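Spelled out from the first residue to the last, the chains are:
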Amino acid sequence: MFNNFKIRHIYVFSIKKSLMEKNLVLIGMMGSGKSTIGKIVASKLKLNFVDVDKKIESLSGLKISEIFKKKGEIFFRKFEEEVSINVLKSECKIVALGGGAFLNDNIRNALRSKNISIWLKWNSQLLISRIINSKTRPIVNKLSEKELIKLIENRSKIYSKADYKINCDKLDKNEITKKILDIYKNEKNISKNTQ
Ligand code: S3P
């Protein structure tokens, strides 16, 4: 009797733990709403939210645009790798990665365990209209519209390696959030059934 009780409790605890261990990681281009949607999802699931760009800014004491200007993109990418991998190692939260982070093999490898990646996919024109006048995104400032389209096409091949893709074009914020919550529920069930 006591043993049964104990086993049941260990079982329940291990299900909870394995669900809680996973992070939901939002990926995609600049302007795809990773931070905005990530915050909403986190508050619905009562989980912490980490915006990796914000973390980079608070750790370095510099805005992303200042890091690019003062130290260059290579330095930024190295720092981004370090911070992203650290964030992905800890558990149980919603993460918004920077738009270029998923292109880095080491970050993608770090994502493999304990993380569920979701690509917020939008059509190029919509993304460009959102970011073209951005003063805070150094990558946008140095590219023409044509080059940005090419960048989105090239990156999309890598983004498509994410565990899930959401076609966001016809969806509003609430519908995107709902899709992410459905993915979370689905992963919960998978996790329950494989215990
Ligand atoms: C970048 C995207 C930015 C930021 C940096 C580089 C990129 O993040 O990391 O400006 O290469 O796409 P957001 O996607 O959050 O804007």
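What you are looking at is a predicted structure, and each value in this text was computed from that prediction instead of being measured. Throughout this document, residue positions are counted from 1 along each chain, in the order its sequence is written. Local features are withheld for residues below a pLDDT of 70 in this predicted model, meaning they are given only at 70 or higher, and side-chain atom pairs are given and counted only at 80 or more; totals for whole chains, interfaces and linings count all residues.

## Here we look at the overall build of the protein
So the rule is basically this: Under the scheme used here, helices are H or I runs from DSSP no shorter than 4 residues and strands are E runs no shorter than 2 residues, and both carry numbers assigned from the N terminus. In this scheme the burial state of a residue depends on its C-beta neighbours within 10 Å: 20 or more other such atoms mean buried, 12 or fewer mean exposed, and anything in between means partly exposed; the C-beta positions come from the backbone. Working definition of a contact: two residues with C-beta atoms, positioned from the backbone, lying within 7 Å.
Helix and strand counts for the protein stand at ten helices and five strands. Burial status across the protein gives 27% buried among its 195 residues. Partitioning the intrachain contacts of the protein with sequence separation of at least 6 by distance along the chain shows that 75% fall at a separation of at least 24.

## Description of the nonpolar core
As a reminder, the rule being used: For our purposes the nonpolar core covers buried Ala, Val, Leu, Ile, Met, Phe, Trp, Tyr and Cys residues that link as a set through C-beta atoms within 7 Å.
Core analysis: the largest hydrophobic core is formed by 38 residues, its most contacted members being L26, I27, V52, V95, L97, I118 and L120. The dominant element in this core, judged by the number of residues it contributes, is strand β1 (residues 23-27), at four residues. Beyond its immediate stretch of four places on either side in the chain, L97 contacts V25, L26, I27, V52, S84 and F102.

## Notes on the site of the ligand
This is how the line gets drawn: Only the C-beta atom, placed from the backbone, is used; a residue is near a molecule or strand if that atom lies within 6 Å of it. Each residue is assigned to one class: nonpolar for Ala, Val, Leu, Ile, Met, Phe, Trp, Tyr, Cys and Pro, charged for Asp, Glu, Lys and Arg, and polar for all the others, Gly among them.
Near the ligand you find M30, K34, D53, I64, G98, G99, G100, R137, P138 and I139, and these make up its full shell. For the shell around the ligand, the residue count by class is four nonpolar, three polar and three charged.

## A short note on the pairing of strand β3 (residues 93-96)
The two faces of a sheet get side chains in turn, since along a regular strand they alternate between them. How we decide: When DSSP locates at least two bridges between a pair of strands, those strands are taken to pair.
Pairing between β1 and β3: three bridges, direction parallel. Bridging from a neighbouring strand, L26 pairs with A96 of β3. Pairing between strand β2 (residues 48-51) and β3: four bridges, direction parallel. Bridging across to β3, D51 finds its partner in A96.

## Quick word on the sheet that holds strand β5 (residues 164-167)
As a reminder, the rule being used: Orientation is described by lines fitted to C-alpha atoms, with helices fitted over the stretch in contact, and by angles between N-to-C directions that extend from 0 to 180 degrees.
What the five strands build is an open sheet, ordered β2-β3-β1-β4-β5; its pairing is parallel. This sheet does not close on itself; its edge strands, each paired only once, are β2 and β5. Each adjacent strand pair in this sheet contributes to an overall mean axis angle of 20°, direction not counted. One ladder, built from four bridges, connects strand β4 (residues 115-121) with β5; its direction is parallel. Within the sheet, the bridge partner assigned to L120 lies in β5 and is I166. Strands β2 and β3 of the sheet are contacted by helix α3 (residues 52-60), whose axis makes an angle of about 70° with β2.

## Overview of the packing of α3 against helix α5 (residues 73-89)
Quick reminder of the rule: Our angle categories are set so that under 35 degrees counts as roughly parallel, over 145 as roughly antiparallel, 65 to 115 as roughly perpendicular, and the remainder as oblique. Take the far helix as the reference: if the near one is turned anticlockwise from it by less than a right angle, the crossing is left-handed, and if turned clockwise, right-handed.
It is at 10 Å that the axes of α3 and α5 come closest, and there the two elements cross at 115°. In terms of orientation, α3 lies roughly perpendicular with respect to α5. Handedness of the crossing formed by α3 with α5: right-handed. Two secondary-structure elements touch here, α3 through V52, K55, I56, L59 and S60 and α5 through F79, E80, V83, S84 and V87.

## Side note on the environment of T177
Here T177 is to be found in helix α10 (residues 173-193). A sequence separation of 139 residues divides T177 from G38, and the C-alpha atoms of the two residues are 8.3 Å apart. Those residues in contact with T177, other than ones at most four positions away along the chain, are I37, I40, V41 and K44.

## Side note on the confidence of the model for the protein
Our working rule: Note: pLDDT gives the predictor's confidence per residue, expressed from 0 to 100.
Across the protein, the average pLDDT comes to 90, with 89% of residues at or above 70. Model confidence for the protein, summarised as mean pLDDT per element, is weakest for helix α1 (residues 2-21) at 49 and strongest for β5 at 98. Every residue in residues 7-17 is under pLDDT 50, and counting partners more than four places away or in other chains gives four contacts.

## Observations regarding the environment of L181
Mapping L181 onto the fold places it in helix α10. Residue classification places L181 among the partly exposed residues on the basis of 15 C-beta atoms within 10 Å. Residues L181 and A42, spaced 139 residues apart in sequence, show a C-alpha to C-alpha distance of 9.8 Å. The residues contacting L181, other than those within four sequence positions of it, are V41 and K44.

## Regarding unusual backbone geometry
With a phi close to 55°, K46 is a non-glycine residue in the positive phi region. On the secondary structure map, K46 appears in the loop between α2 (34-45) and β2. Even without a glycine there, the phi angle at K114 is positive, about 65°. Position of K114 relative to the elements: it lies in the loop between α6 (105-112) and β4. K114 sits in the partly exposed class, given 16 other C-beta atoms within 10 Å.

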